[in-house]
Amino acid sequence: MGYFEKALLAAAVIGALSGLVGTLVLLRRRTFFAQALTHATFPGAVAAALLGVSIPLGAAVASAVIVAVMTLLGRVRRQGSQVASGIMLTAGFALGVLLQALNPSLPVHVESYLVGSMLTVTDGDVILAASVLTAAVLAAVLFGKEILFSTFDRTGFRAAGYREWPIELLTLVLIAATVVTAMPAVGAILAIALIAAPAAAARLLMRTVPGIVLLAPLIGAGSGVVGVLLSRILDVAAGPAIALTAAACFLLALGARSLRARAGGVPTPVRAGLRLES
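Model, not experiment: these values are computed from the prediction. (Residues numbered from 1 in each chain as written. Predicted model: local features only at pLDDT ≥ 70, side-chain atom pairs only at ≥ 80, totals over all residues. Heavy atoms only, no water.)

**A look at the overall build of the chain**
Within the chain, the secondary structure is distributed over 11 helices and 0 strands. Along the chain, helices (α) and strands (β) appear in the sequence α-α-α-α-α-α-α-α-α-α-α when read from the amino end. A sequence separation of at least 24 residues applies to 74% of the contacts in the chain between residues at least 6 apart. In the form shown here, the chain has an accessible surface area of approximately 13600 Å², with 69% of it arising from carbon and sulfur atoms. (Helix = DSSP H or I, 4+ residues; strand = E, 2+ residues; numbered from the N terminus. Contact = heavy atoms within 4.5 Å. Areas by Shrake-Rupley, 256 points an atom, 1.4 Å probe, with all protein chains shown as cover.)

**Side note on the packing of aromatic side chains**
Counting across every chain of the model gives 3 aromatic pairs. Relative to Tyr 162, the ring of Phe 149 lies with its centre 6.1 Å away and its plane at 80°, an arrangement referred to as edge-to-face. Of this pair, Phe 149 sits in helix α7 (residues 123–152) while Tyr 162 is found in the loop between α8 (154–159) and α9 (164–205), placing the two residues 13 residues apart along the sequence. Seen from their ring centres, Phe 157 and Tyr 162 are 4.8 Å apart, and the 15° between their planes marks the pair as stacked. (Phe/Tyr/Trp six-rings, centres within 6.5 Å; stacked < 30°, edge-to-face > 60°.)

**Overview of the pattern of salt bridges**
Between side chains of opposite charge, pairing is possible as soon as their charged atoms come close. In this structure the tally under the stated criterion is 5 salt bridges. Where Glu 168 meets Arg 30, a salt bridge forms, and the shortest distance between an N and an O atom there is 2.0 Å. Of this pair, Glu 168 sits in helix α9 while Arg 30 sits in the loop between α1 (3–27) and α2 (31–40), and the two are 138 residues apart along the sequence. Note on accessibility: Glu 168 and Arg 30 belong to one class, buried. Among the salt bridges present, the one from Arg 158 reaches Glu 164, with a minimum N-O distance of 2.8 Å. Shared partners join several salt bridges into a network, and the residues in it are Arg 28, Arg 30 and Glu 168. (Salt bridge = Lys/Arg side-chain N within 4 Å of Asp/Glu carboxyl O. Buried < 20%, exposed > 50% of the residue type's maximum accessible area, 1.4 Å probe, protein only.)

**So, the side chain of Thr 171**
Tracing the chain through its elements places Thr 171 in helix α9. Setting aside residues up to four positions removed in sequence, Thr 171 forms contacts with Leu 24 and Arg 28.

**Here we look at unusual backbone geometry**
For Arg 29, which is not a glycine, the phi torsion comes out positive at approximately 55°. Looking at the secondary structure, you find Arg 29 in the loop between α1 and α2. One non-glycine residue, Asp 235, lies in the positive phi region at around 60°.

**Here's the deal with the layout of surface pockets**
The computed volume of the second largest pocket comes to approximately 380 Å³. If you go around the second largest pocket, you meet 19 residues; those closest to its centre are Ala 140, Gly 144, Leu 148, Val 209 and Val 213. Among the elements of the structure, α1, α7 and α10 (209–234) are those that each provide at least two residues to the lining of the second largest pocket. Of all the elements, α7 adds the most residues to the lining of the second largest pocket, at 9 residues. In terms of residue class, the lining of the second largest pocket is built from 15 nonpolar, 3 polar and 1 charged. (1 Å grid on protein atoms, 1.4 Å probe; cavity = no way out; pocket = protein on both sides within 12 Å on 5 of 7 lines; lining within 4 Å. Points joined across faces, edges and corners; volume = space filled by probe spheres on them. Nonpolar A, V, L, I, M, F, W, Y, C, P; charged D, E, K, R; others polar.)

**A look at a nonpolar patch on the surface**
On the surface, Leu 50, Leu 51, Val 53, Leu 57, Val 61, Val 65 and Val 69 cluster together into a nonpolar patch covering about 600 Å² of accessible area. When contributions to the nonpolar patch are tallied by element, the ones reaching two or more residues are α3 (42–51) and α4 (55–74). The element contributing the most residues to the nonpolar patch is α4, with 4 residues. Looking at the secondary structure, you find Leu 51 in helix α3. (Patch = residues over 30% accessible without salt bridge, like charges linked within 9 Å, V, L, I, M, F, W, Y side chains within 5 Å.)

**Here we look at the nonpolar core**
A general tendency of soluble globular proteins is for nonpolar side chains to be buried together. The biggest cluster of nonpolar side chains holds 54 residues, and the ones touching the most others in it are Phe 33, Leu 37, Ile 66, Met 118, Ile 175, Val 186 and Val 228. Of all elements in the fold, only α1, α2, α4, α5 (81–102), α7, α9, α10 and α11 (238–264) reach the threshold of two or more residues within this core. Top element by residues in this core is α9. It accounts for 15 residues. In this view, Met 118 contacts Ala 7, Ala 10, Ala 11, Pro 184, Ala 185, Val 228, Ala 238 and Ile 242; residues no more than four positions away in its chain are not counted. If you look at the next biggest cluster of nonpolar residues, it comprises 10 residues, including Ala 49, Tyr 113, Leu 114 and Met 183. (Core = buried A, V, L, I, M, F, W, Y, C linked by side-chain atoms within 4.5 Å.)

**Observations concerning the environment of Ala 135**
Locating Ala 135 in the fold gives a position in helix α7. Residues Ala 135 and Leu 17, spaced 118 residues apart in sequence, show a C-alpha to C-alpha distance of 9.8 Å.

**Here we look at the environment of Glu 168**
For Glu 168, a relative accessible area of 14% gives the class buried. Glu 168 sits 21 residues away from Ile 147 along the chain, and the two C-alpha atoms are 8.6 Å apart. In this structure Glu 168 touches Arg 28, Arg 30 and Arg 154, once residues within four positions along its chain are discounted.

Okay, structure coming up:
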């Protein structure tokens, strides 16, 4: 398989993964957390380059540390998860820049961690993305009902005798794994666009959670493939092309929803298990 065909495959798999996990990010209101995680894993990638170990491994270790720190900060009285996310976003990214500045002779181009380098993905990157996508699909199939119950009615979820922390931990692990997987392809800065935009577009077009879960991965995979093709046609970096394509899909979905509302009116969905509010 040539490098370009491998890039297309990686873009499709990573896009589908980002779209699927992006539905969790969107529905559980974890967008700012995901953004903070994408930026704060940057120092892990730089440290891995310095130590000569796998970049995804360094990013994974950094993400685990960041999730733990953010959880602890979020429990501080009169603070919260948004404050913790904001602190880790800036502090983590600043640490990565500092490590880069202190080690100007890194063996690899650190800038590729920021905007990605889809055309240089390896077989290992593709296998990792496929593995995480498989795990995310299995999690959705096995624990989908519990995730929805916890997302839309936390009080009822606890009253029914369920413990909330396993679902929250599963969600955080899936988000972190997706961020780590997407970093080599679209970079630390642009990964949030591929995670959030397809899910947001699917929510504008579909009125039920199953519809969003099915459509978001398709939009994500399509954004990845189209972005790589545009990068070759226009001779630009693949990461920004993919991020802009995902953003364009959101804008198109927003326009389609507006036209549909003007044509016949969009009924307001009820908030009950499988339906969402507008």
